[in-house]
Amino acid sequence: MAAAAVDNAMEVVPALAEEAAPEAGGLSCLVSLPGEVLEYILCCGSLAAADIGRVSSTCRRLRELCQSSGKVWKEQFRVRWPSLMKHYSPTDYVNWLEEYKVRQKAGLEARKIVASFSKRFFSEHVPCNGFSDIENLEGPEIFFEDELVCILNMEGRKALTWKYYAKKILYYLRQQKILNNLKAFLQQPDDYESYLEGAVYIDQYCNPLSDISLKDIQAQIDSIVELVCKTLRGINSRHPSLAFKAGESSMIMEIELQSQVLDAMNYVLYDQLKFKGNRMDYYNALNLYMHQVLIRRTGIPISMSLLYLTIARQLGVPLEPVNFPSHFLLRWCQGAEGATLDIFDYIYIDAFGKGKQLTVKECEYLIGQHVTAALYGVVNVKKVLQRMVGNLLSLGKREGIDQSYQLLRDSLDLYLAMYPDQVQLLLLQARLYFHLGIWPEKSFCLVLKVLDILQHIQTLDPGQHGAVGYLVQHTLEHIERKKEEVGVEVKLRSDEKHRDVCYSIGLIMKHKRYGYNCVIYGWDPTCMMGHEWIRNMNVHSLPHGHHQPFYNVLVEDGSCRYAAQENLEYNVEPQEISHPDVGRYFSEFTGTHYIPNAELEIRYPEDLEFVYETVQNIYSAKKENIDE
């Protein structure tokens, strides 16, 4: 009986130390204590899961105290994975021992998959079907995500490669969940007017690693509503909006009462809280994310309008969104209920411009052109989201430093989720996949993401035959090249043709001309770029031209560059390089240099020894000079 109990409890850990039999006298004293005291001892935090397993095997009393659904195993679970407790209701029956085992198993599976990613995808972007292993995992997804978060939160400058791939996997998992929620949201009837909810989905999709929720954003808006009510009470202590309860959707019909609400809102938002339109940094994606609008208290017309609209409606003012060209607006009806209205029966509100109220003529003056009456009409949620995503898409196309084009990829995903048959965007997505080299893991597989997109385009618009044909041809050529690829190219420092290479992977360098800090992650004995690149970069003007070693470097501004040896020098004050791809190539930062991960070391097997020698010579000499 006792042996069976040990076996069941000890499934939690892979190996246990040999169990020592307690002395009978000591055990007798222990079990004679009151149950609450024993529980307190067992939950003190100094006992591991294996210890609890041993304790539960000693006698019936302790086995009952350590029952799988009891407080002891709940505390073990809570101490080990505190962030998961929010997913459990206090009133639910939970087998905590079973949850512990399932969570631990999920953690082991997560680490196994993360460890495999570097070997599988080191030489290319994680492909379209690279996450298939994750999608087929058994067990609760929240357990798997929690382990990925634990990896990301590991202290220190180690496990960089694990963190790099854990971040990618977590990014993918959360985006898939958010995209499914958004698609379900878009199936709501046209009269479903939760503009804020839709905007939060966009925010979440573009920032999947941030802790963003509709509940939290709504709570922040509710606190602004409370401030508005406080101001409104000073204007009209009997105002009907003051009697509204949270979640009510009542509307006030009297124009004068609505005006009082808007006056109070303008005072709180723009005078008290200092919200303002972001004219200085207009083309910044943060202006479109609602959680950032609330934190930074600034945005662009559409995000400021959604905040203004949400607050007004909670206080009973039925404002409506207007998809005005170049400058999103809100409209406020001044006509009688039930009357036939035209565009002149509304006042238009510029939330970007501190809530200024505009006439039709002033709206046209705002954008410097005459527009038709149709553009003053109200738009539904989907159209509002389309405009928000369209703005992100425009910003994504402008990306320069971010060579992963993450914003462009995210905004394309969002736009095509709403409008899956947009030919030009499908074509752009196919070109983007082709440009980034995001291919399926097994490139001989015919069911390629790129080819799927191209086939869809051809069905929708046969007129795109030329562009589609070009991309299909290059996709198939890529497949053939992948078939012909042989093993990894290994570069040895001892090879005679590499005698002129002075620097090694992992060294922190400084560019002599441009002054940027960087880390080397690859090198060539001579420039390996094409003639056009060499001409455009004016390489021939260098004293040694292209007949000198060139280095692949990750730069602190997030870019990747190819630098000539004569333009680089040792950085005498080495520091971490804040580049998103550092973990793809390196496993640790030591304070003076980066240590290559296993995959990079295979390609440059002799570099690490040279790095140690260089670091010893450069930084030890500097330290000696300082000591003197």
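Residues numbered from 1 in each chain as written. Predicted model: local features only at pLDDT ≥ 70, side-chain atom pairs only at ≥ 80, totals over all residues. Heavy atoms only, no water.

### Looking at the packing of aromatic side chains
Under the defined criterion, the tally for this structure stands at 25 aromatic pairs. Aromatic side chains Trp73 and Tyr100 sit 5.6 Å apart centroid to centroid with 70 degrees between the ring planes, which places their arrangement in the edge-to-face category. Taken as a pair, Trp73 in helix α6 (residues 71–80) and Tyr100 in helix α7 (residues 96–121) lie far apart in primary sequence, 27 residues in all. In this structure, Trp73 and Tyr100 share a single accessibility class: buried. (Phe/Tyr/Trp six-rings, centres within 6.5 Å; stacked < 30°, edge-to-face > 60°. Helix = DSSP H or I, 4+ residues; strand = E, 2+ residues; numbered from the N terminus. Buried < 20%, exposed > 50% of the residue type's maximum accessible area, 1.4 Å probe, protein only.)

### Focus: the pairing of strand β7 (residues 508–511)
As judged from the 3 bridges shared by β7 and strand β8 (residues 517–524), these two strands associate in the antiparallel manner. Counted as the bridge partner of Met509 is Cys518 from β8. What sits between β7 and β8 in their antiparallel hairpin is a turn of 5 residues, with Gly515 showing a positive phi close to 80 degrees. Of the pairings in the sheet, the one linking β7 to strand β11 (residues 568–570) comprises 3 bridges and is antiparallel in character. Each residue of the ladder has a partner; that of Met509, found in β11, is Tyr570. (Pairing = 2+ DSSP bridges.)

### Remarks on the sheet that holds strand β4 (residues 329–333)
If you walk across this open sheet you meet the 4 strands as β3-β4-β5-β6, and the pairing is antiparallel. Lying at the two open borders of the sheet, with one neighbouring strand each, are β3 (320–322) and β6 (356–358). Taken over all neighbouring pairs, the strand axes of this sheet differ in orientation by 40 degrees on average, direction set aside. By the bridge criterion, 3 bridges tie strand β5 (residues 346–350) to β6 in an arrangement that is antiparallel. Bridge assignment links Tyr348 to a residue of β6, and that residue is Leu358. Along the sheet face, helix α13 (residues 255–272) touches β4, β5 and β6 and points at about 150 degrees away from the line of β4. On the sheet, helix α16 (residues 360–367) packs against β4, β5 and β6 and is oriented at approximately 110 degrees with respect to β6. (Axes fitted to C-alpha atoms, helices over the stretch in contact; angles between N-to-C directions. Contact = heavy atoms within 4.5 Å.)

### Brief notes about the pattern of salt bridges
A side chain with one charge may pair with a side chain of the opposite charge, provided their charged atoms come close. A complete count under the given rule lists 14 salt bridges for this structure. In this structure, Arg78 and Glu75 form a salt bridge, with 2.6 Å as the shortest nitrogen-oxygen distance. Taken as a pair, Arg78 and Glu75 lie in helix α6 at a separation of 3 residues, close to a single helical turn. For Lys177, the salt bridge identified is with Glu145, shortest N-O distance 3.2 Å. Taken together, the residues span a long stretch of sequence, with Lys177 in helix α10 (residues 160–186) and Glu145 in helix α9 (residues 141–152) at a distance of 32 residues. Take Glu145: its relative accessible area is 7%, and that puts it in the buried class. Each member of the salt-bridge network shares a partner with another, and the members are Arg103, Arg111, Asp146 and Glu147. (Salt bridge = Lys/Arg side-chain N within 4 Å of Asp/Glu carboxyl O.)

### Notes on the packing of helix α12 (residues 214–235) against helix α15 (residues 301–314)
The interhelical angle for the contact between α12 and α15, taken along N-to-C directions, is 60 degrees, at an axis separation of 10 Å. In this view, α12 runs oblique relative to α15, as classed from their interaxial angle. The two elements α12 and α15 cross, and the hand of that crossing is right-handed. In this structure, α12 uses Gln218, Ile221, Asp222, Ile224, Val225 and Val228 to contact α15, whose residues at the interface are Leu307, Thr310, Ile311 and Gln314. When the residues that make up the contact of α12 with α15 are grouped by side-chain class, the tally is 6 nonpolar, 3 polar and 1 charged. (Parallel < 35°, antiparallel > 145°, perpendicular 65-115°, else oblique. Left-handed = near helix turned anticlockwise from the far one by under 90°. Nonpolar A, V, L, I, M, F, W, Y, C, P; charged D, E, K, R; others polar.)

### Focus: the side chain of Glu566
Within the element layout of this structure, Glu566 appears in the loop between β10 (560–564) and β11. Although Glu566 is buried, it makes no salt bridge; Lys512 carries the closest opposite charge, 7.6 Å away. A polar contact is formed between the side chain of Glu566 and the side chain of Gln548, at a distance of 2.8 Å. Excluding its chain neighbours within four sequence positions, the residues that come into contact with Glu566 are Lys512, Leu542, Pro543, His544, Gly545 and Gln548. (Lys, Arg positive; Asp, Glu negative; His and termini not counted. Polar contact = N/O pair within 3.5 Å; in protein donor to acceptor, adjacent residues only side chain to side chain.)

### Overview of a nonpolar patch on the surface
On the surface, Leu30, Leu33, Val37, Tyr40 and Ile41 cluster together into a nonpolar patch covering about 420 Å² of accessible area. Here the nonpolar patch gets 3 residues from one element, more than from any other, and that element is helix α3 (residues 35–42). Looking at the secondary structure, you find Tyr40 in helix α3. According to the relative accessible area criterion, Tyr40 is exposed, its value standing at 66%. (Patch = residues over 30% accessible without salt bridge, like charges linked within 9 Å, V, L, I, M, F, W, Y side chains within 5 Å. Areas by Shrake-Rupley, 256 points an atom, 1.4 Å probe, with all protein chains shown as cover.)

### Side note on unusual backbone geometry
Positive phi is not limited to glycine here, since Ala159 has a value of about 55 degrees. Tracing the backbone shows Ala159 in the loop between α9 and α10. A positive phi is found at Lys274, a non-glycine position, where the angle reads about 65 degrees. Structurally, Lys274 is set in the loop between α13 and β1 (276–277).

### Observations regarding the packing of helix α11 (residues 195–206) against helix α17 (residues 381–397)
Between α11 and α17, the shortest axis-to-axis distance is 9 Å and the interhelical angle comes to 30 degrees. Taken as axis vectors, α11 and α17 run roughly parallel relative to one another. Of the two possible hands of crossing, α11 and α17 adopt the one that is right-handed. Between α11 and α17, the contacting residues are Tyr195, Gly198, Ala199, Ile202 and Cys206 on the first element and Val381, Val384, Leu385, Met388, Val389 and Leu392 on the second. Tallied by class, the residues present in the contact of α11 with α17 amount to 10 nonpolar, 1 polar and no charged.

### Here's the deal with the nonpolar core
Soluble globular proteins tend to bury their nonpolar side chains together. Counting residues in each nonpolar core, the largest one holds 74 residues, and the members touching the most others are Met265, Tyr308, Ile311 and Leu319. Beyond its immediate chain neighbours, meaning those up to four positions away, Leu319 contacts Leu262, Tyr308, Leu309, Ala312, Arg313, Leu330, Arg331, Trp332 and Ile349. Formed by 31 residues, the second largest nonpolar core is a distinct cluster that contains Met509, Trp523, Tyr551 and Tyr594. (Core = buried A, V, L, I, M, F, W, Y, C linked by side-chain atoms within 4.5 Å.)

### What about the confidence of the model for the chain?
On average, the chain scores 85 in pLDDT, and the residues at 70 or more come to 82%. Low pLDDT, under 50, characterises residues 1–24; the predicted model gives this stretch 27 contacts beyond four residues in sequence or across chains. (pLDDT = per-residue confidence, 0-100.)

### A short note on α16
Considered for burial, the residues of α16 that qualify are Val360, Cys363, Glu364 and Ile367. In a view along the axis of α16, the buried residues occupy a sector of 95 degrees, so they form one face of it. What points out from α16, more than 90 degrees from its buried face, is the exposed set Lys361 and Tyr365. Its buried side turned inward, α16 meets β4, β5 and β6. Of the residues one or two after α16, Gly368 is the one with positive phi, at around 75 degrees. (Arc of directions from axis to C-beta.)

### Overview of the side chain of Asn278
Here Asn278 shows up in the loop between β1 and α14 (290–296). On the accessibility criterion, Asn278 (9% relative accessible area) is buried. Of note is the side chain of Asn278, whose polar atom sits 3.0 Å from the side chain of Asn287. Setting aside its immediate chain neighbours within four residues, Asn278 contacts Asn287, Arg296, Thr298, Gly299 and Phe352.

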